[in-house]
Amino acid sequence: MSYFNKLPDIYVAEGISSSENFKYRLVKNIFRRTFAREDLDKYTTFFETYSIRDGDTPSSIALAVTGDVFLDWVVLTVNNITDVYEQWPKDNATLQRYVEERYDSIDGLHHWETNEVLYNDIVFIKEGIEVNETFRAVLPDGTTLGKDASIYPVTNYEYEEYNNELKRQILLPNSQIVDLIVEEFEDLVEYQPNRELDAQNNKKTELSVSQLFLDKKGIIYGSTARGTTSEAVTSFDFGSTVATSSATAGVVSSTTTTSSGTSTASSGTNTGGGATTPTPSPTPSPTPSPTPSPTPSPTPSPTPSPTPSPTPSPTPSPSPGYYGGGY
């Protein structure tokens, strides 16, 4: 059976750009995949090393090893090959064209590598270490070798050819382990029991209607709301400043205003804490002032101030000359 037939199915939602109901399409879940263990090369009894030759393909190797061309994915999975165009070795003609297309010159310098340096017949510097052009080998006795004895250039074609040869070395499972690999693969990619699976073991994640509104307009509206909140805070600060100023003016405990003929007084009730609650001025009587007696009065007695109301008025008096705002 082919690789994709073993992958589980999943419903993918459609139709979220309009007001219609969601539509779901059943597809293969290609994001379910496995990796080979890094220590497979230790199990020499189950795997053998193989060098890919020009003309070999994953399916032709699978046919030779397992007898089934559709088990080519086993060969690729064991070697962690996910891109056969880049990770599978190229033949000489294809490699030549690849290098010519990638580099300006196939014989151009790619990098420098070290030569093998011996000291007392012991390898002091290994060959093939990538270094810069200024590197020079210095022996333990202080001797410095020259450029040609220390490093050598690697061309673009030599670099790509070397990497291409490394890709030829792969591991092939024998017939005893192939069936176990297929069985374990099916167990790993299978869905674990959950409420999103239907009777056919297909996964379906129900989408919310709110996803119809997850667009750029919703983001713009959210920014506008934040701007409105900022203005409300500014207004509150201004209101606090006015209240502070009024409290300062309300320190006066009482104020008396006297007019000729009739004396009126406005007193404030001290509520504590230095603030005074003003009492509104009594409304003057519309009746004109009585005619004075022809007999002169020795000393006119001032009209006593009206008794202040024990209940403070919520609104300060608008009459001029009085202090208000002592809340």
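One can find the structure itself at the top, above this paragraph.
Computed from a predicted model, the values in this text were never measured in an experiment.

The rules we used
Every chain is numbered on its own, with residues counted from 1 as its sequence reads. pLDDT decides what is reported in this predicted model: residues at 70 or higher carry local features, side-chain atom pairs at 80 or more are listed and counted, and totals for whole chains, interfaces and linings draw on all residues regardless. Hydrogens and waters are ignored; side-chain quantities use all the structure's heavy atoms. Per-residue accessibility, obtained with a 1.4 Å probe over protein chains only, is compared with the maximum for each type, and a residue is labelled buried under 20%, exposed over 50%, and partly exposed between these values. Put simply, DSSP H or I for four residues or longer makes a helix, DSSP E for two residues or longer makes a strand, and each gets a number counted from the N terminus. Directions drawn from the helix axis to the C-beta atoms are what define this arc. Only heavy atoms matter for contacts: two residues are in contact if any of them lie within 4.5 Å across the pair. Residues enter a patch when their relative accessible area is above 30% and they make no salt bridge; the linking distance is 9 Å between like charges and 5 Å between nonpolar side chains (Val, Leu, Ile, Met, Phe, Trp, Tyr). Under the convention used here, a 1.4 Å probe and the Shrake-Rupley method define accessible areas, while residue burial counts only the protein chains that appear. The salt bridge criterion pairs a side-chain nitrogen of Lys or Arg with a carboxyl oxygen of Asp or Glu, the two atoms within 4 Å. We count Lys and Arg on the positive side and Asp and Glu on the negative side, and we leave His and both chain ends out. Working definition for charges: the position is that of NZ of Lys, CZ of Arg, CG of Asp or CD of Glu. If DSSP finds at least two bridges between two strands, the strands pair.

Novice: What exactly am I supposed to notice about unusual backbone geometry here?
Specialist: Trans is the prevailing form of peptide bonds, just as negative phi is the prevailing case for residues other than glycine. You will see that Asp 121, though not glycine, has its phi angle at about 60°, which is positive. By relative accessible area, Asp 121 is classed as exposed at 77%.

Novice: I would appreciate a short explanation of helix α1 (residues 58–66) in the present structure.
Specialist: Residues that lie three or four places apart on an α-helix share one face, since the helix turns once every 3.6 residues. Those residues of α1 that fall on the buried side of the exposure criterion are Pro 58, Ile 61 and Ala 62. Angular distribution of buried residues about the axis of α1 spans 100°; they occupy a single face of the element. Where α1 is buried, its residues contact β3 (47–51), α2 (72–78), α3 (84–87) and β9 (169–173). Phi turns positive one or two residues past the end of α1, at Gly 67, with a value near 85°.

Novice: How do you make sense of a negative patch on the surface when you look at a structure like this?
Specialist: The grouping of Asp 179, Glu 183, Glu 184, Asp 187 and Glu 190 at the surface amounts to a negative patch. Structurally, Asp 187 is set in helix α7 (residues 175–189). Look at Asp 187 and you get partly exposed, because its relative accessible area is 46%.

Novice: When you look at the sheet that holds strand β2 (residues 23–28) in this model, what are you seeing that I'm missing?
Specialist: Within a sheet, each strand pairs with its neighbour through backbone hydrogen bonds, oriented either parallel or antiparallel. If you trace the three strands from one edge of the open sheet to the other, you get β2-β1-β10, paired in mixed fashion. Each edge of the sheet is formed by a strand with only one pairing partner; in this case those strands are β2 and β10 (203–204). The pairing of strand β1 (residues 9–14) with β2 spans six bridges and is classified as antiparallel. Counted as the bridge partner of Glu 14 is Lys 23 from β2.

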